[in-house]
Amino acid sequence: MLDNKGFRKFAHQVVDWMADYYENIEKYPVKSGVKPGEIFSLLPDAPPVQGEPMENILKDFEEIIIPGITHWQSPDFFAYFPANSSYPSVLAEMLTATLGAQCMVWETSPAAAELEEKMMQWLMHLTGLPTSFDGVIQDTASTATLTSLLTAREQYTRFAINDKGFSGTEKFRIYASEETHSSIEKAVKIAGFGKENLVKCAVKEDFSMDTDFLKEAIRYDLSRGYRPLAVVATLGTTSTTAIDPLKEITKIAKEYGLWVHVDAALAGSALILPEYRFMIEGIEEVDTFVFNAHKWLFTNFDCSAYFVKNKEALIRTFEILPEYLKTRTHGRVNDYRDWGIQLGRRFRALKLWFVLRNFGKQKMQEIIREHIRLAQMIRQNVEESPDFELLAPVPLNTVCFRYHPSGTDEETLNKINQQLLDKLNRSGKIYFTHTRLHGKFTIRFMIGQTYTREEHVRKAWSEITRTARETG
Ligand SMILES: *Cc1c(COP(=O)(O)O)cnc(C)c1O
């Protein structure tokens, strides 16, 4: 077992490995090519009885684990969504692990609670969210959305379901668009509303919510005795980064007394650019808002920033006070265990503090603006290439397209684009994922990695065009 002297030695060695990794990250195949079960079969069936030397463990880390890793921090990673890490974030994460503090209440680490409160204020400053909101760090947007819907449920029923459980007569309805993230449906299921009561509103041509549909759906539900409870607006949908019209949604919500939750998991980071503030027009009427600093704000997973208009409703929904958690400071400080689902909490504000200070607003704006510019460059390439087709507008950093040689039928197009994607990903040079838009197999080109630059994007585009010609 490591002692302090050994820890010092290997910590230096590990940090050297980390710096080498980032320096050489482009040499790794972006997407892991291992087969199911391959890693599992290389691991012994039982843990060792006697401790093993760190040398062996680190050797196996390189030889067994690394081949099974997909390199999300690679500047050639254009799949799914960005899951940014960065140098200052990693440094803070090492310190967090070293302190190993449980930050469930103020008293269990006052600095963690107070830094978290301040960091949430910094984020409100940076993003233009109303400074009258209160913020708390959640593990994921999924958890934040569930937290929001539970709070809506309790506020509407005057905390009756928390006390007595469902009576069986509630007929709540939750509204979101067809393009909403799967976490909304998960939250609706877990909160006890029933999946059938999630109404998925039609979208317009640009894949944003059709608010006429929303209004009609609410009216229809009312006429049948349902209780419209909440609407979830998405800023930056997962497939195409479509932006729901928040102002119109909040107007309708106000008219019918609905709770409004905003899921801006990815696109919230773009609010640090003044030119993207249009997305939160109507924000004063919003009850809760979430965005993931762990996506596009250079802070490694997990770090979801969750903001609420009425913190009393949130706390009343989640508060517990067993004898062993009673403190003398309760009520005068933020005890974040009452601001969400989990009791135990990591010290997540530290990495955000390191990142926001070390990057500074200007640098973060520069990088995000550059990602968006590069996405627009790819959009233009697609539009100007007769063999390629743009399949959705590009309001942010994600380009949805397909290879489309003329005279090819839909079925063949779906097939050759699947083949193109597989071939690109097998090359190890780049990594893309897909979606389906109106039944069309769509390749998504997402640009948002911390260290992605124009050269990476240009190289990716030429890889796409070259491979497409070989395929089709
Ligand atoms: C990524 C994403 C989520 C899920 O985020 P988690 O933090 O992984 O739960 C939800 N909604 C949108 C729009 C997303 O982009």
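My aim in this report is to walk through the structure given alongside it, one point at a time.

Glancing now at the packing of helix α14 (residues 410-426) against helix α15 (residues 454-471). Running from N to C, α14 and α15 point in directions that differ by 125 degrees, and their axes come no closer than 10 Å. Between α14 and α15, the crossing angle belongs to the class labelled oblique. As α14 packs across α15, the resulting crossing turns out to be right-handed. Residue-level inspection shows Ile416, Gln419, Leu420, Lys423 and Leu424 of α14 in contact with α15, the latter providing Glu463, Ile464, Thr467, Ala468, Glu470 and Thr471. Of the residues contributing to the contact of α14 with α15, the split by class is 5 nonpolar, 3 polar and 3 charged.

Thr140, Ala141, Ser142, His181, Ser183, Gly236, Thr238, Asp263, Ala265, Asn292, His294 and Lys295 make up every residue found near the ligand. Between the ligand and the protein, one listed contact pairs an oxygen atom with a side-chain N or O atom of serine 142 at 2.5 Å. In this structure, asparagine 292 approaches the ligand through a side-chain N or O atom, which is 3.0 Å from an oxygen atom. The fraction of the free accessible surface of the ligand (390 Å²) that becomes covered by protein chains is 89%. If you list the elements that add at least two residues to the shell around the ligand, you get α6 (141-156) and α11 (293-296). For the shell around the ligand, a count of residues per class yields 2 nonpolar, 8 polar and 2 charged.

Pairing within the open sheet is antiparallel, and its 4 strands lie in the order β8-β9-β11-β10. A single partner strand is all that each edge strand has here, and the edge strands are β8 (388-390) and β10 (433-437). Strand-to-strand twist in this sheet, taken as the mean axis angle between neighbours without regard to direction, amounts to 40 degrees. In this structure, β8 lies alongside strand β9 (residues 398-403), joined through 3 bridges in antiparallel fashion. In the sheet register, glutamate 389 faces β9, and the bridge partner there is arginine 402. Each of β8, β9 and β11 (440-446) is contacted by helix α13 (residues 349-384), which is oriented at about 20 degrees to β9, the strand it contacts most. Across the sheet, α15 lies against β8, β9 and β11, angled at about 125 degrees from β8, the strand it touches most.

Now for α15. Between its terminal C-alpha atoms α15 stretches 26 Å, which fits the 26 Å expected from 18 residues at 1.5 Å a residue. What α15 keeps buried is the set His456, Val457, Ala460, Trp461, Glu463, Ile464, Thr465, Thr467 and Ala468. Where α15 is buried, its residues contact α13, β8, β9, α14 and β11.

With that settled, consider the sheet that holds strand β5 (residues 259-263). Pairing within the open sheet is mixed, and its 7 strands lie in the order β1-β7-β6-β5-β4-β2-β3. At either end of the open sheet lies a strand with only one pairing partner, and these are β1 (134-138) and β3 (198-201). The mean inter-strand angle of the sheet, taken between neighbouring strand axes irrespective of direction, is 20 degrees. Inspection of the sheet shows strand β2 (residues 172-177) paired to β3 by 4 bridges, in the parallel sense. Within the sheet, the bridge partner assigned to serine 177 lies in β3 and is cysteine 201.

We now examine the nonpolar core. Counting 63 residues, the largest nonpolar core has Leu123, Phe289, Leu297 and Phe307 as its most contacted members. Among the elements that take part in this core, α13 stands out by supplying 10 residues, more than any other. Not counting residues up to four positions away in its chain, the partners in contact with leucine 297 are Asn84, Leu123, Ser269, Ile272, Phe291, Val355, Leu356, Met364 and Ile368. Core analysis: the second largest hydrophobic core is formed by 32 residues, Leu149, Ile184, Leu198 and Ala230 among them.

Another aspect to go through is the state of the cysteines. Counted under the stated rule, the structure contains 0 disulfides. Of all cysteine sulfurs, the one in cysteine 103 lies closest to cysteine 303, which takes part in no disulfide; the gap is 13 Å. Judged by its relative accessible area of 1%, cysteine 303 falls in the buried class.

With that settled, consider the pattern of salt bridges. This structure, assessed with the given rule, holds 30 salt bridges. Residue arginine 466 pairs with glutamate 470 through a salt bridge whose shortest N-O separation is 2.9 Å. Placement of the pair is arginine 466 and glutamate 470 together in helix α15, with a separation of 4 residues, close to one helical turn. Its relative accessible area of 37% is what places arginine 466 among the partly exposed residues.

This part is about the pairing of β1. Counting buried positions along β1 yields 4 of 5 residues, so the element is predominantly enclosed. Two elements, β1 and strand β7 (residues 304-308), share 5 bridges in a ladder whose sense is antiparallel. Of the residues in β7, the one forming a bridge with valine 136 is tyrosine 306.

Assignment of secondary structure puts phenylalanine 77 in the loop between α3 (54-65) and α4 (87-99). On the basis of relative accessibility, which here comes to 0%, the residue phenylalanine 77 falls in the buried class. For the pair phenylalanine 77 and phenylalanine 432, spaced 355 residues apart in sequence, the C-alpha to C-alpha distance is 7.1 Å. In this structure phenylalanine 77 touches Val30, Thr70, His71, Trp72, Tyr431, Met446 and Gln449, once residues within four positions along its chain are discounted.

Position of proline 44 relative to the elements: it lies in the loop between α2 (38-42) and α3. Sequence separation between proline 44 and aspartate 20 is 24 residues, and the spatial gap between their C-alpha atoms is 29 Å.

Quick notes on the rules
Residues numbered from 1 in each chain as written. Predicted model: local features only at pLDDT ≥ 70, side-chain atom pairs only at ≥ 80, totals over all residues. Heavy atoms only, no water. Axes fitted to C-alpha atoms, helices over the stretch in contact; angles between N-to-C directions. Helix = DSSP H or I, 4+ residues; strand = E, 2+ residues; numbered from the N terminus. Parallel < 35°, antiparallel > 145°, perpendicular 65-115°, else oblique. Left-handed = near helix turned anticlockwise from the far one by under 90°. Contact = heavy atoms within 4.5 Å. Nonpolar A, V, L, I, M, F, W, Y, C, P; charged D, E, K, R; others polar. Near = heavy atom within 4 Å. Polar contact = N/O pair within 3.5 Å; in protein donor to acceptor, adjacent residues only side chain to side chain. Areas by Shrake-Rupley, 256 points an atom, 1.4 Å probe, with all protein chains shown as cover. Pairing = 2+ DSSP bridges. Expected span 1.5 Å × (residues − 1). Buried < 20%, exposed > 50% of the residue type's maximum accessible area, 1.4 Å probe, protein only. Core = buried A, V, L, I, M, F, W, Y, C linked by side-chain atoms within 4.5 Å. Disulfide = S-S within 2.5 Å. Salt bridge = Lys/Arg side-chain N within 4 Å of Asp/Glu carboxyl O.

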